[in-house]
Amino acid sequence: MALASGDDAPTVTAPNQDGEEVTLSFEEPTVLYFYPRDETPGCTTEAAQFQRELESYRDAGVAVYGVSTDDVESHRSFSEAEGLEFDLLADPDAELATAFDVDVRDGAAARTTFFLADGEVHAAYEDVDPDGHAREVLREAFEEGVVSSPE
């Protein structure tokens, strides 16, 4: 079972699609979504919808990161093909997945999303349906008062 609401968020480091090391402590509001594979239908839908909602996330002060067990090159290709403006973190050894207790089956992370802030998990979503998920996560963050709409 993945980390749950109220659990401390681990500090993690992983390379993004450009090979740059990214360290996340989750003090600031952040969405970290795990997905199985680059360039597959559900994962493409999910990434495209997070990209579509990205301006709203940024306006609310929320960073977005995608994570899969694919490598940097795969992430670079996927990011470029989909025009993604947020980082995809490469987790080929499933270290991030393990840190968040995300199931990994046949080398792929289970579709799981976390909303984190103030160093803890505020919401966890398992067995995610990628269609509509990006909007749902942000809407619930507003409803829960974790973030507020910009004036």
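Look a little higher up for the structure.
Notes on the structure in this doc start here. Quick caveat: nothing in here was measured; it's all calculated off a predicted structure.

## Re the overall build of the chain
Stage number 1. In terms of helices and strands, the chain carries four helices and nine strands.
Stage number 2. Along the chain, helices (α) and strands (β) appear in the sequence β-β-β-α-β-α-β-α-β-β-β-β-α when read from the amino end.
Stage number 3. For the chain, the C-alpha radius of gyration of 14 Å lies close to 15 Å, the compact-globule estimate for 151 residues.
Stage number 4. Overall size of the chain, expressed as C-alpha extent along the three principal axes, is 40 × 30 × 30 Å.
Stage number 5. Burial analysis of the chain (151 residues in total) assigns 50% to the buried set.
Stage number 6. Long-range pairs, those at least 24 residues apart, make up 68% of the contacts in the chain between residues at least 6 apart in sequence.
Stage number 7. Accessible surface, the chain: about 7,200 Å² in total, of which carbon and sulfur atoms supply 41%.

## Observations regarding the packing of aromatic side chains
The geometry of two aromatic rings is summed up by the distance between their centres and the angle between their planes.
Stage number 1. According to the stated counting rule, one finds nine aromatic pairs in the structure shown.
Stage number 2. For the pair Phe100 and Phe114, a centre-to-centre distance of 4.9 Å together with 45° between the ring planes defines the contact as tilted. Placement of Phe100 in the loop between helix H3 (95-99) and strand E6 (104-105) and of Phe114 in strand E8 (residues 112-117) is noted, with a sequence separation of 14 residues between them.
Stage number 3. Cluster of aromatic residues (ring-pair linked, three or more members): Tyr33, Tyr35, Phe50, Tyr57, Phe78 and Phe86.

## Quick look at helix H1 (residues 41-59)
Stage number 1. The end-to-end C-alpha distance of H1, which contains 19 residues, comes to 28 Å, matching closely the 27 Å that a straight helix rising 1.5 Å per residue would cover.
Stage number 2. Taken as a whole, H1 carries its principal kink of about 50° at Glu53.
Stage number 3. Every buried residue belonging to H1 is among Cys43, Glu46, Ala47, Gln49, Phe50, Gln51, Glu53, Leu54 and Tyr57, and all of these are buried.
Stage number 4. Where H1 is buried, its residues contact strand E3 (30-34), strand E4 (63-68), helix H2 (72-82), E8 and helix H4 (133-144).
Stage number 5. Downstream of H1 by one or two residues, Gly61 has phi in the positive range, about 80°.

Conventions used here
Residues numbered from 1 in each chain as written. Predicted model: local features only at pLDDT ≥ 70, side-chain atom pairs only at ≥ 80, totals over all residues. Heavy atoms only, no water. Helix = DSSP H or I, 4+ residues; strand = E, 2+ residues; numbered from the N terminus. Rg over C-alpha atoms; globule rule 2.2 N^0.38 Å. Buried < 20%, exposed > 50% of the residue type's maximum accessible area, 1.4 Å probe, protein only. Contact = heavy atoms within 4.5 Å. Areas by Shrake-Rupley, 256 points an atom, 1.4 Å probe, with all protein chains shown as cover. Phe/Tyr/Trp six-rings, centres within 6.5 Å; stacked < 30°, edge-to-face > 60°. Expected span 1.5 Å × (residues − 1). Bend = angle between axes of the 7 residues up to and from the residue.

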